[in-house]
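The residues making up each chain are set out below.
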Amino acid sequence: MKSILFTSILLLLIGCGSDRDQYQQEQTEEQTLRSAFEGSFLIGTILNHRQIFGQDQRGQDLAVREFNAVTAENVMKWENIHPEPGVYDFDAADTMIDIAEENGMFVVGHTLVWHSQTPDWVFYDDEGELLSREALLERMKDHIETVVGRYKGRVHGWDVVNEAIVDDGTMRDTYWYRIIGEDFLVKAFEYAHAVDPEAELYYNDYSLEIPSKREGAIRLVEYLQENDAPITGIGTQGHFMLDFPDLEEIEKTITDFAALGIDVMVTELDIDVLPPAFDYMGADVSASAEMREELNPYPDALPDSVQQQLTDRYRDIFEIYLRHSDDITRVTFWGVTDGDSWKNNWPVSGRTNYPLIFDRNWEPKPAYHAIIELAEEHR
Ligand code: 9MR
């Protein structure tokens with residue numbers, strides 16, 4: 001309560017500078033990620049349904065204490081917020097945004113236009129025929145106007161389009177692309193900007209460290225810029241593994257996008273410590289593999305040696321982020337604690353993974369202390 005009051009007074013006193021600056025000019029008495037990364041970039045997390053509604057109150061408390069930016073893990077996706085034609089369910093998103101505002105957090109809306117978690121009805125008419133380009137654009141516009149309009153001035157940045165490219169750098173074959181064409185992205189950005197001209201607008205994707213995919217995303221951003229789409233930033237998701245991708249590629253991803261003159265964000269950071277189920281792993285939610293014992297080697301606890309590898313990996317990655325803090329506006333972890341992570345169930349269901357910086361008991365892991373130390377040195 002005291003820190004909420006303090007934050008509010010501070011925000012009133014600041015009264016100028018960009019939206020984002022306000023959330024970074026935070027001072028708390030205890031050391032937290034928020035205080036350590038102050039002046040470098042926003043440091044964010046996601047909230048899931050249980051955290052939003054207080055069934056995991058410890059998770060919610062930890063999130064609001066440590067982080068100054070928040071993204072909804074699932075509750076703002078089309079299938080949840082707009083499950084049927086004309087039917088919107090804003091309850092969870094409203095509640096999350098209330099929590100964010102009480103705690104002085106920057107709010108990210110995830111996500112407006114995506115091929116996944118979007119009900120099939122979006123793409124079909126009443127006769128079961130695929131919609132025309134005009135009809136689908138109309139539906140997209142209506143969705144964006146309703147959702148962005150409701151949260152105008154309260155959601156500060158939107159993942160406008162999510163995951164439109166595949167690994168070879170070509171456009172993903174989705175209904176959006178097939179029915180509308182490549183300019184579905186231009187339209188989505190235009191519609192969002194028309195409703196809330198102040199909001200930051202992002203393109204968000206994973207595996208941008210793979211050169212062919214990154215080159216495709218660079219071409220896409222250039223195409224958006226040439227067509228005057230109001231894109232302000234790129235979200236590089238950052239679903240990493242202990243040994244993939246190379247640090248050089250992580251760094252180059254940041255510098256290549258920064259060179260395009262847009263903000264760069266790390267939007268979904270986690271580090272998978274388990275053996276890969278496939279040769280290559282991105283973050284395609286439709287991928288899955290059968291459980292085999294050797295794929296779940298640490299069901300009870302993470303061995304010290306692997307914990308050390310995870311700490312070192314987080315340290316190496318944050319060294320890069322801090323080195324480029326002038327270009328990076330936000331780093332968001334995809335989960336509060338290890339127990340929450342999607343990585344326990346993807347691509348193999350029922351594993352015990354350890355990808356984050358808080359453990360299953362809401363306690364900070366060595367990686368947490370390592371990145372705080374780096375951030376303090378950087379200030
Ligand atoms: O973490 C999310 C998980 O709970 C959902 O089941 C899944 C499908 O909606 O989405 C996960 O989040 C994804 C994010 O929205 C987009 N990038 C990849 C993330 C991990 O799959």
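Basis of the calculations
- The residue numbers shown here count from 1 along each chain, following its written sequence.
- Given that the model is predicted, a residue must reach a pLDDT of at least 70 before its local features are reported, and side-chain atom pairs must reach 80 or more before they are shown or counted; all residues, however, enter totals for whole chains, interfaces and linings.
- The side-chain values count all of the structure's non-hydrogen atoms but skip hydrogen atoms and water molecules.
- Secondary structure follows DSSP: runs of H or I at least 4 residues long count as helices, runs of E at least 2 residues long count as strands, and numbering of each begins at the N terminus.
- C-alpha atoms define the radius of gyration in this analysis, and the globule rule sets the expected value at 2.2 Å times the number of residues to the power 0.38.
- Think of it in three bands: with a 1.4 Å probe and only protein chains considered, a residue is buried below 20% of the maximum accessible area for its type, exposed above 50%, and partly exposed in between.
- Joining through side-chain atoms within 4.5 Å is the link that ties buried Ala, Val, Leu, Ile, Met, Phe, Trp, Tyr and Cys residues into a set, and such a set is a nonpolar core.
- What makes two residues a contact is simply this: any of their non-hydrogen atoms within 4.5 Å.
- Here is how to tell: hold the view so the strands point away, follow the path from the first strand over the helix to the second, and if it runs clockwise the crossover is right-handed.
- Being near a molecule or strand, for a residue, means having at least one of its heavy atoms within 4 Å of it.
- Each polar contact in these results corresponds to two N or O atoms within 3.5 Å; when the atoms are within protein, one needs to be able to donate a hydrogen and the other to accept it, and residues that are neighboring in sequence are counted only if both atoms are side-chain atoms.
- Throughout, the Shrake-Rupley method with a 1.4 Å probe supplies accessible areas, and for residues the shown protein chains are the sole cover considered.
- Polar here means any residue other than Ala, Val, Leu, Ile, Met, Phe, Trp, Tyr, Cys and Pro, which are nonpolar, and Asp, Glu, Lys and Arg, which are charged; Gly is therefore polar.
- Each aromatic pair joins two rings of Phe, Tyr and Trp (for Trp, the six-membered one) with centres within 6.5 Å, and gets the label stacked for planes under 30 degrees apart, edge-to-face for over 60, and tilted for any other angle.
- A ring is considered to have a charge above it if a Lys NZ or an Arg CZ atom is located within 6 Å of its centre and within 35 degrees of its normal.
- Lines fitted to C-alpha atoms define the axes, with helix axes restricted to the stretch in contact, and inter-axis angles between N-to-C directions lie between 0 and 180 degrees.
- The labels follow the angle: roughly parallel below 35 degrees, roughly antiparallel above 145, roughly perpendicular from 65 to 115, and oblique for the rest.
- By definition, any crossing whose near helix is turned counterclockwise from its far helix by less than a right angle is left-handed, and any crossing with a clockwise turn is right-handed.
- Salt bridges are defined as contacts in which a side-chain nitrogen from Lys or Arg sits within 4 Å of a carboxyl oxygen from Asp or Glu.

Novice: Kindly report on the overall build of the chain, identifying the contributing residues and their values.
Specialist: Check the secondary structure of the chain and you find 14 helices and nine strands. In terms of C-alpha radius of gyration, the chain reaches 20 Å, essentially the compact-globule figure of 21 Å for 379 residues. Reported as C-alpha extents along the three principal axes, the dimensions of the chain are approximately 60 × 55 × 40 Å. Taken across its 379 residues, the chain has 58% of its residues classed as buried.

Novice: Let's hear about the nonpolar core: which residues, and what values?
Specialist: By size, the foremost hydrophobic cluster in this structure holds 108 residues, and its most contacted members are Trp158, Tyr314, Phe318 and Tyr321. Apart from residues lying up to four places away in sequence, Tyr314 is in contact with Leu269, Asp270, Ile271, Phe333, Pro355, Leu356, Ile357, Ala367 and Ile371. Grouped together as the second largest cluster of nonpolar side chains are seven residues, Tyr23, Ala69, Tyr202 and Met265 included.

Novice: Break down the pairing of strand S6 (residues 233–236) for me, citing the residues and quoting the values.
Specialist: A two-sided burial pattern is seen for S6, the buried positions comprising Gly233 and Gly235 on one face and Ile234 and Thr236 on the other. As for the winding sense of the linkage, the β-α-β connection from strand S5 (residues 200–205) through helix H11 (residues 211–226) to S6 is right-handed.

Novice: A description of the site of the ligand should follow, citing residues and the corresponding values.
Specialist: For the ligand, the set of nearby residues contains 14 residues, the closest of which are Glu73, Lys77, His110, Glu163 and Glu268. At 2.7 Å from an oxygen atom of the ligand is found a side-chain nitrogen or oxygen belonging to His110. Glu163 places a side-chain nitrogen or oxygen 2.8 Å from a nitrogen atom of the ligand. If the ligand stood free it would expose 460 Å²; the protein chains cover 85% of that surface. Across the shell around the ligand, the residue classes tally to four nonpolar, six polar and four charged.

Novice: I'd like to hear about the side chain of Thr267, residue by residue, with values.
Specialist: Of note, Thr267 is situated in strand S8 (residues 263–272). Polar contacts involving the side chain of Thr267 include one to the side chain of Asn204, which spans 2.7 Å. In this structure, Thr267 is in contact with Asn204, Gly235, Thr236, Gln237, Arg330, Thr332 and Trp334, ignoring residues within four places of it in sequence.

Novice: How would you sum up the packing of aromatic side chains? Please name residues and give values.
Specialist: Applying the stated criterion across every chain, the model contains 18 aromatic pairs. Note on Trp78 and Trp176: the rings are 5.9 Å apart at their centroids and 40° apart in plane angle, and the pair reads as tilted. In this pair, Trp78 sits in helix H6 (residues 78–81) while Trp176 sits in helix H9 (residues 175–180), placing the two residues 98 residues apart along the sequence. An identical accessibility class is assigned to Trp78 and Trp176; each is buried. These aromatic residues form a ring-pair network of at least three members: Phe37, Phe41, Phe67, Tyr314, Phe318, Tyr321, Phe333, Phe358 and Tyr368. Above the ring of Tyr206, the side-chain terminus of Lys213 is found at 3.8 Å from the ring centroid.

Novice: Describe in detail the packing of helix H10 (residues 184–195) against H11, supporting the description with residues and values.
Specialist: Running from N to C, H10 and H11 point in directions that differ by 55°, and their axes come no closer than 10 Å. With respect to H11, the axis of H10 lies oblique. Of the two elements, H10 crosses H11, and the hand of that crossing is right-handed. Residues Leu185, Val186 and Phe189 of H10 form the contact with H11, whose own contacting residues are Leu220, Tyr223 and Leu224.

Novice: How would you sum up the pattern of salt bridges? Please name residues and give values.
Specialist: Using the criterion set out here, one finds 18 salt bridges in the structure. The partner of Asp94 in a salt bridge is Arg150, with the nearest N and O atoms 2.7 Å apart. With Asp94 in helix H7 (residues 91–102) and Arg150 in helix H8 (residues 133–150), this residue pair connects regions lying 56 residues apart in the sequence. Using a relative accessible area of 41% as the deciding quantity, one classes Arg150 as partly exposed. Among the salt bridges present, the one from Lys141 reaches Glu145, with a minimum N-O distance of 3.6 Å. With a gap of four residues between them, Lys141 and Glu145 both fall in helix H8, about one helical turn apart. Look at Lys141 and you get partly exposed, because its relative accessible area is 27%. One network of salt bridges, in which partners are shared, links Arg214, Glu249, Lys252 and Asp256.

Remember that the coordinates give geometry; whether it matters functionally is a separate question.
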